[in-house]
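Residue-level structural notes
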Amino acid sequence: MTVYYYFITMKTTLYLEQALLKKVKADAVRDGVTLTAYTEMALRETLARKKSSHKHVSRELPVFEGDGFLPGVDISDSSSLLDIMEGQ
């Protein structure tokens, strides 16, 4: 059985500082990859690092005094909540 993988690619233009581009090209040559492959790898690593650094932060919510919900308020019905908040 033969499996074919098709990747959709897009062409784009990046404007980079000349000194940065020179370093990136040199690194790509040293690693034996194309500039495109090197750029894709760097972007993927940056995105993965960002994703792993986003941790869930638990925050304590403020509590207000009161007797609970108004009679007839269904907090799962956003339309009726808006009507009540707008005084309709």
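Counting restarts for each chain: residues are numbered from 1 in the order of the written sequence. Only residues with pLDDT of at least 70 are given local features in this predicted model, and only at 80 or more are side-chain atom pairs given and counted; all residues enter the totals for whole chains, interfaces and linings. Only hydrogens and water are removed before side-chain values are computed, so all heavy atoms of the structure are retained for them.

What about the overall build of the protein?
Each helix corresponds to a stretch of at least 4 residues labelled H or I by DSSP, and each strand to a stretch of at least 2 residues labelled E; elements are numbered beginning at the N terminus. Scanning the protein from N- to C-terminus turns up 3 helices and 0 strands. Along the protein, helices and strands appear, N-terminal first, in the series α-α-α. Here the radius of gyration uses the C-alpha set of atoms, whereas the globule reference equals 2.2 Å times the residue count to the power 0.38. What you see for the protein is a C-alpha radius of gyration of 27 Å, clearly larger than the 12 Å of a compact globule of 88 residues, by over 25%. Projecting the C-alpha coordinates of the protein onto the three principal axes gives extents of approximately 70 × 40 × 30 Å. Remark: exposure states derive from per-residue accessible area (1.4 Å probe, protein chains only) relative to the maximum for the residue type, with buried under 20%, exposed over 50%, and partly exposed in between. Taken over 88 residues, the protein has a buried fraction of 3%. In this description, accessible areas are obtained by the Shrake-Rupley approach with a 1.4 Å probe, and a residue is regarded as covered only by the protein chains that are shown. Looking at the protein as shown, the accessible area adds up to about 9,400 Å², and 59% of this sits on carbon and sulfur atoms. Placing the 11 positive and 12 negative side-chain charges of the protein at their respective mean positions leaves the two points 23 Å apart. His is not counted, nor are the chain ends; Lys and Arg add positive charge and Asp and Glu add negative charge. The location of each charge is read from NZ of Lys, CZ of Arg, CG of Asp or CD of Glu.

A word on the layout of surface pockets
Computed over the protein atoms alone on a 1 Å grid, cavities are sets of points where a 1.4 Å probe fits but cannot get out and pockets are open sets with protein on both sides within 12 Å along at least five of seven lines; a residue lines them when it has an atom within 4 Å of a point. Grid points are joined across faces, edges and corners, and a volume is the space filled by probe spheres set on the points. For the largest pocket, the calculated volume is near 660 Å³. For the largest pocket, the lining is made up of 19 residues, of which Thr12, Leu14, Thr36, Thr39 and Glu40 are closest to its centre. Elements with a contribution of two residues or more to the lining of the largest pocket: helix 1 (18-31) and helix 2 (35-53). The element contributing the most residues to the lining of the largest pocket is helix 2, with 8 residues. Residues are sorted three ways: Asp, Glu, Lys and Arg are charged, Ala, Val, Leu, Ile, Met, Phe, Trp, Tyr, Cys and Pro are nonpolar, and all the rest, Gly among them, are polar. Looking at side-chain class alone, the lining of the largest pocket contains 11 nonpolar, 5 polar and 3 charged residues.

Thoughts on the environment of Leu82
Locating Leu82 in the fold gives a position in helix 3 (residues 78-85). Residue classification places Leu82 among the partly exposed positions, given a relative accessible area of 43%.

Quick notes on the pattern of salt bridges
Pairing between side chains becomes possible if they bear opposite charge and their charged atoms approach one another. Note on definitions: salt bridges are taken to be side-chain nitrogens of Lys or Arg within 4 Å of carboxyl oxygens of Asp or Glu. Inspection of the entire model under this criterion finds 3 salt bridges. Arg30 is paired through a salt bridge with Asp27; the nearest N and O atoms lie 2.7 Å apart. Of this pair, Arg30 and Asp27 both sit in helix 1, 3 residues apart, roughly one helical turn. Here Arg30 falls in the exposed class, since its relative accessible area comes to 60%. Asp27 gets classed as partly exposed once you look at its relative accessible area, which sits at 23%. For Asp31, the salt bridge identified is with Arg30, shortest N-O distance 3.5 Å.

Overview of a nonpolar patch on the surface
Every patch collects residues that have over 30% relative accessible area and no salt bridge, joining them within 9 Å if they carry like charges and within 5 Å if they are nonpolar side chains (Val, Leu, Ile, Met, Phe, Trp, Tyr). A cluster of nonpolar residues, Leu14, Leu16 and Leu20, forms a patch on the protein surface that exposes about 280 Å² of accessible area. Looking at where Leu16 falls in the secondary structure, it is placed in the segment before helix 1. You can call Leu16 partly exposed: its relative accessible area is 42%.

Some details on the confidence of the model for the protein
When pLDDT is averaged across the protein, the result is 84; 94% of the residues are at 70 or more. pLDDT is a per-residue confidence score from the predictor, ranging from 0 to 100. Across the protein, element-level confidence peaks in helix 1 with a mean pLDDT of 96 and bottoms out in helix 3 with 82.

Regarding the environment of Phe7
Mapped onto the elements, Phe7 comes out in the segment before helix 1. Take Phe7: its relative accessible area is 71%, and that puts it in the exposed class.

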